[in-house]
Structure formats: structure tokens, C-alpha cells
Amino acid sequence: NAVRREAIKDVEAYVPPAVSFDESETPGAIFGSNVFSTIVMRQRLPKPVFKSVMATIEHGAVLDPLVADAVASAMKDWALERGATHYAHVFYPLTGLTAEKHDSFFEPVGDGSALAEFAGKTLIQGEPDASSFPNGGLRNTFEARGYTGWDVTSPAYVLENPNGNTLCIPTVFVSMTGEALDHKTPLLRSQQTMGEHAERILALFGHSKPGKIVSFCGPEQEYFLVDRHFFLARPDLLNSGRTLFGTKPPKGQEFDDHYFGAIPERVLGFMMDTERELFKLGIPAKTRHNEVAPGQFEIAPMFERGNIAADHQQLLMTTFKTIAKKHGMECLFHEKPFEGVNGSGKHVNFSLGNSDLGSLLVPGDTPHDNAQFLVFCAAVIRSVHLYGGLLRASVASASNDHRLGANEAPPAIISIFLGDQLADVFDQIAAGAATSSKGKGTMQIGVDTLPVLPTDPGDRNRTSPFAFTGNRFEFRAPGSLQTVNGPMVTINTIMADSLDYAATELETAVANGTDFDTAVQNLLTQIITEHGAVVFNGDGYGDAWPIEAEKRGLKNLRTTLDALPELISDEALALFEKYKVFNEREMHSRYEIGLEQYALTIGVEARLTLEMGATSILPAAMRYQTELAHNVAALKAAGIEPDLAPLNEVTEPLTALRAALAALSEALGEEIGHETLAEAEHARESLLPAMAAVRAASNDIECVIADDLWPLPTYQEMLYIL
Ligand code: ADP
Ligand code: MG
């Protein structure tokens, strides 16, 4: 097949761009150089203005419009010095992508010249046309406008491009009525409410002015790199982000040697290049390594305040895509680009705290701090037990369905891993007032004598969806393609609920004359007794777990369509309404959009499967069949009894392929109306199985067809040639 051979030749001839660093470009020198950071503001803003902005950033004070003018002016000068010609409000619509509306700084004035203009109100608010973004029924057709509003807490930055630089301003995106059309708005709302209730707990533990508590997020991003020559020869990768055809090499490759192996030279060049760009944008790229599958890698930036980490994560993904192209590769963020090969996730590491107190999920080494830690930890346990279904729904998507529960990612059952030591402490708490600490002899339990916990848990469990890892919880179910916002909004909100609950219990007990230590002890005992069922330290991949989980009353929401209804349960609506993160309309809109995206994704894949199957795989198989038929005829003519087995081996799957394509075509043509739920159910019940049948037949053909006739770059080629 000409296309494939050309691609391989081109890959071999490809010379990646040289990656060289100027002497001046040490990480220290370039870090944040394109960011309108606190340091830049301190240098460039009049002192009162600077103070006022910092009050907004650090304490959530309302931004003064006069201050906005001064900031806008300084920001404009700074951006112009960096070659920016345009500014853009950057927002995060519910497609999961990043959207930008660009405007020029220059406005024509009467005499034919142009003047650089950037007023405070332009910084604070924008009005992009919102009609092309999903809104799940929130926006009336006559009101196509959406409004963007500056997120003062996430710094503006200059994005470099050979065709001109742009000043980018992170914003929220809302409808005329103030309802959220984006991922940032609820994140900010949820962070605020979670912080307020966390501060109540801290006050009870004697922190008189703890400072604003925020959530922290450290995302670990997995991805694949594929040479672009192969990528472009795969319409499925190009249009749907995953291979709809193709099978693992029949020999059964052992992939494990790739994990933490040496990073290929070309990939290292790519990584150095991306890290330089990330550094300029103030994104603290830190860890990088190979992942389990060949061609798979991971990057983990240092954790940051939730909303900043979320913005940075989006920016990281765009940067990776761009730089990969520059290096002749395509960066794949899909959760399952290759069937039968390990998929990609995005672990969301969560903690809460602030710069003074650090993470409140650090066990600490004094008994008193332990009690405080245990209250926060118990809040996590309660949250995950009560709202596991919501956590599952927050990571639900057509593409993540390929990964969850597939023995490489955590199961769809949401449970908590605490590690031996912590689990043991909670067992003791559940057992009552007096007990002993593992390995530390007997002790009397009042809160003051709770054991000193090690900061390093020592043991790691890779199969749990929600694992305590020493100073944070790691939510492992999010998919590589997803934003971290959804999971973070959910975690923040369910934590707000549990912290509110805990604070109220403690406040009431103390007001009723119970001594504080006893009140804490009672609260912990009660939480672990009621919610301990969610703690599971065993093997989450094992067959026994789903059965055990069911006995414990934990939900197992296997697919997106099982999980999404969680968003509109009475419980969920009440929760999000109570903490002012989403109103009922917003929740319904998100549910609708979830269904819509699910149906759209699978619809595109189904049409692609039909097209590639009919125009690429089927003709190739028929050519091979013809070749073999000629061979049979020629042998007969020569008086040799032909062996019909090879011909049969291709004819059988070919017949199956024909039938499967016909069935898929029929499924695609079915009349299902315009209800999103019906469309989504149709996608799951009819399209997915029909696609699977096409793929199975095609895989059988791939295993027998002459290699020079196979039309698509193979898994072997895509995964091993870099
Ligand atoms: P591992 O592979 O062991 O999970 P990594 O180093 O790959 O660890 O990633 C850990 C991630 O967790 C990083 O993004 C790191 O910044 C983040 N992290 C560390 N401490 C915290 C914390 N207190 N809160 C949130 N995230 C954290
Ligand atoms: Mg990791």
C-alpha cells in the first residue's frame, strides 16, 4: 500500500528541529517571563492599586472599577513591550476546549492613525457571541450573547506566535442572566464555599485568622506521541482522536519495558521545547517520564491553586499540541487511542490549605494537629461515601468509558484508599475510646493522644480511584482529555458539605457544653461508623471487588449514561443549590450537554467507521480475495490441487465485514427523534455494538491480509516508530 510505505519512508527521512537554548534562557530566567505576575504588578502599579488588586486576589475583595483602569493600562504597556498586537478573553466552554475572542489593541482615530487602547472595562468584561457553544438550554436563541469576566486570581499572560503575540486574559463565561456557560465559574464558586467552611473548622482548632483557604490541584497528564506521517494517514485518529480499526501485533508485545525506560531522543527534544514554553507561561512543569505503553508519556506540573492549575492545564494541552506538530508528531490526549493498549488518564491530586498553613491533609507530627488532620480526612471520607456517584459523573464521557474499569484504570466504583496506618487509626476510632496504635504500643485515646502519623504513607495502591498519598488525595478516574475543572468542582462542593457538617456538629457540641476533644472524638467515630464502607484498601482490579462493593452499597456506574443521571438527582440538585455552585437550571444544562457530547462523539465515530470500513478496509480485503482467487484458478489450470484455506480465511471475515457495515449503516439511519437522551441511548445500545462488529471483522482481515495491501498504518508502526 503506497500511502503506508510513503509514510514510513517520510518518517525515516524526517529530521526533527534542533532544540537549543540560549545561554540567557535558564529556567530561572525564563520562568514566568510572559506572565503579568504579582512581581510585575508590584513593579508597575501604583502602590494603592497594587494593594487593592492583591486584596481581591488573596481575600476575595470586590474589584474597584477605578483600579481596573490602572491595571488595564499597565497591562497594555507591558503586553505591547512583549510584541502583543491583540488581547483575548480566554474562556472555557463546556466542549472542554479553550476558546478565545481576539481584539486589536489599536483603534483608529480621526486623523487616520491608530491608538493603542485598553480600558478597565475592556479588561473586566467582554461579549463574545456564545451561539456556537453548548449551553444545554440555558440561553435563549434571541440572546446569543455570552459575557466573559476577568478572573483576577488567574494571571494574564502573553502567548507567543510567529504571526503575532496576544495578551490573554483568563475569564469566566456566563449567560446574560449570570448562569454559568463554562468550567471556570463553578470552580471559583465551589472553591470559595469550600474555603469558608474549612475556615470554620480551623477557627475551632484555634486558628484565629487562618487566611483564605483554597483548594490545590496537581494534575498528572498522560499522552501519546505519534509521528504525524502516520497520524495523517489515519482518518480515524485525525477525526476522532482514536483508532477505530487496528489491533495489537498478534505476537503479543510485552509493553512493560517502556515504563520509566530511557526517553527517546526525539521525544526528549519535544519535552525540552514544551517545558521552555510552559516555563515562560509560568507553568511549573516538573516531572516527565515514559508511561506504561510504548509511545506513551506523562507530565506532572507542580500543584497550584485549583483555578490556576485548571487554566494552566488547558494551556499545557494546547502547548503540547502545537509543539508536537513542530517536532513532526501529533500529541494524542484521547483516553484510549489504541485498543488493547494502556489508556491515558489525568490524575487530579487534591488538597486544601493556603501558603501559611500548607496542605491541611498533612498528618503532621503533633497529636493536636493530628486531630485537626483527622477531621479534614474524615470530611473526605464522608464526602466520597455520600457523593461517589457525583464523582463518577464528573469524569463521565464517551472516551473515558473505554478506560474506566478496564484493568488499567480504577473501576467505575468510587472508593477510598487510606493506606495501612491511616486505615488502622480509623479502625481504632470506630472501635471506641481506648485502643492501641500499630507498632507504637498501647495508648489512651483522647484526641490529644492520637498517634503521630508518618508523612510518607509508605504503601501505594495504584488500583484505587481515590487514594491518600501522604499529603493529598489523588483522584485517578479523570480521563486524559478532560478538564480538571469538573472533578475539582465536585470535590470542592462535596467537601464544602462535609466541612459544613463537621463544623456545625462541633460548634453545637461545644455550645452545649461538651468538651472540644470529646466532641472531635465523637464526630470522628460517628463519621467513620456511618461512612467507613467507602474505605477499601484491597485490589480494585480484582473480580471480588464489584461483588463486595455491592454488598457495601457502593454504586457501580459503568457507563456515562449510568453516571450522568447523578447530576440531576434530588440530592445533587439540593447540594449544589445549597452551596451556590449550580442552580437547578445549570445542573440540568450540564446533564443535557453531557448527553449531547456523548451522542455526538459516538455519532462521529460511527460515521467514520462506516466510511473507512466501506472505502478502505473492504476494498483492500476484496483485492486480496481476488488475488487469492486468481491463485486458486492458476493452480487449477496448472493441474495442481489448490489449498482453499487462505481464500476462506479472508472470505469469512470479508462476509462478516459486509454484514457488519450493512448493520451499522442501518443503525445510523434509524429514526430516533431529537431527544438527547434517546440519541445518547441509541449511541450506546445500537451504534457502539455495530461499530464493534465492524472492527472485529476488520481485525480478522488485518491478521491474514498481505501486508502490502493493508491500507492503514499499523499499531506496530505507530507505537514503535518515533
Ligand atoms: P505520583 O506519580 O507518585 O502520583 P507525581 O510526581 O507524578 O506523583 O505527581 C504528583 C502530583 O501531585 C504533582 O502534580 C504534585 O505537584 C502534586 N501534589 C503534591 N503535593 C500536593 C498537594 N499537597 N496538593 C495537591 N497536589 C499535590
Ligand atoms: Mg504519576
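Residues numbered from 1 in each chain as written. Chains lettered and ligands numbered in written order. Predicted model: local features only at pLDDT ≥ 70, side-chain atom pairs only at ≥ 80, totals over all residues.

**Q** Honestly, the nonpolar core in this entry has me stumped. Any pointers?
**A** A general tendency of soluble globular proteins is for nonpolar side chains to be buried together. With 197 residues, the main nonpolar core has Val71, Val375 and Ile381 as its most contacted residues. In contact with Val71, other than residues within four places in its own chain, are Leu45, Val49, Val53, Gly120 and Leu123. (Core = buried A, V, L, I, M, F, W, Y, C linked by C-beta atoms within 7 Å. Buried ≥ 20, exposed ≤ 12 C-beta atoms within 10 Å, placed from the backbone. Contact = placed C-beta atoms within 7 Å.)

**Q** Please clarify how the packing of helix H7 (residues 184-204) against helix H14 (residues 485-511) should be interpreted in this entry.
**A** Where H7 meets H14, the axes come as close as 8 Å, and the angle between the chain directions of the two elements is 25 degrees. By the angle class used here, H7 and H14 are roughly parallel. The element H7 and its partner H14 pack so that their crossing is left-handed. For the contact of H7 with H14, a count of residues per class yields 14 nonpolar, seven polar and four charged. (Axes fitted to C-alpha atoms, helices over the stretch in contact; angles between N-to-C directions. Helix = DSSP H or I, 4+ residues; strand = E, 2+ residues; numbered from the N terminus. Parallel < 35°, antiparallel > 145°, perpendicular 65-115°, else oblique. Left-handed = near helix turned anticlockwise from the far one by under 90°. Nonpolar A, V, L, I, M, F, W, Y, C, P; charged D, E, K, R; others polar.)

**Q** What exactly am I supposed to notice about the site of ligand 1 here?
**A** Around ligand 1, the structure places 15 residues, and the nearest of them are Gly218, Phe303, Asn349, Ser351 and Arg472. Those elements that place two or more of their residues in the shell around ligand 1 are strand S9 (214-227), strand S11 (296-301) and strand S14 (346-354). Of the residues belonging to the shell around ligand 1, the class tally is six nonpolar, six polar and three charged. (Near = placed C-beta within 6 Å.)

**Q** What exactly am I supposed to notice about the domain arrangement of the protein here?
**A** How big an interface is tends to be reported as the loss of accessible area on association of its parts. Looking at the assigned domains, one finds that the protein contains domain 1 (31-182), domain 2 (190-582) and domain 3 (597-720). Distance from the C-alpha centre of domain 2 to the C-alpha centre of domain 3: 39 Å. Where the side of domain 2 that touches domain 3 is concerned, the elements lending two or more residues are helix H9 (235-240) and helix H17 (560-563). Looking at which element gives the most residues to the side of domain 2 that touches domain 3, the answer is H9, with four residues. Tallied by class, the residues present in the side of domain 2 that touches domain 3 amount to twelve nonpolar, nine polar and three charged. (Domains from an automatic or database assignment.)

**Q** Just checking my understanding: could you explain the environment of His588 for this structure?
**A** Structurally, His588 is set in helix H19 (residues 584-637). Using a count of 17 C-beta atoms within 10 Å as the deciding quantity, one classes His588 as partly exposed. Once residues lying within four places of it in the same chain are set aside, the contact partners of His588 are Gly136 and Ile568.

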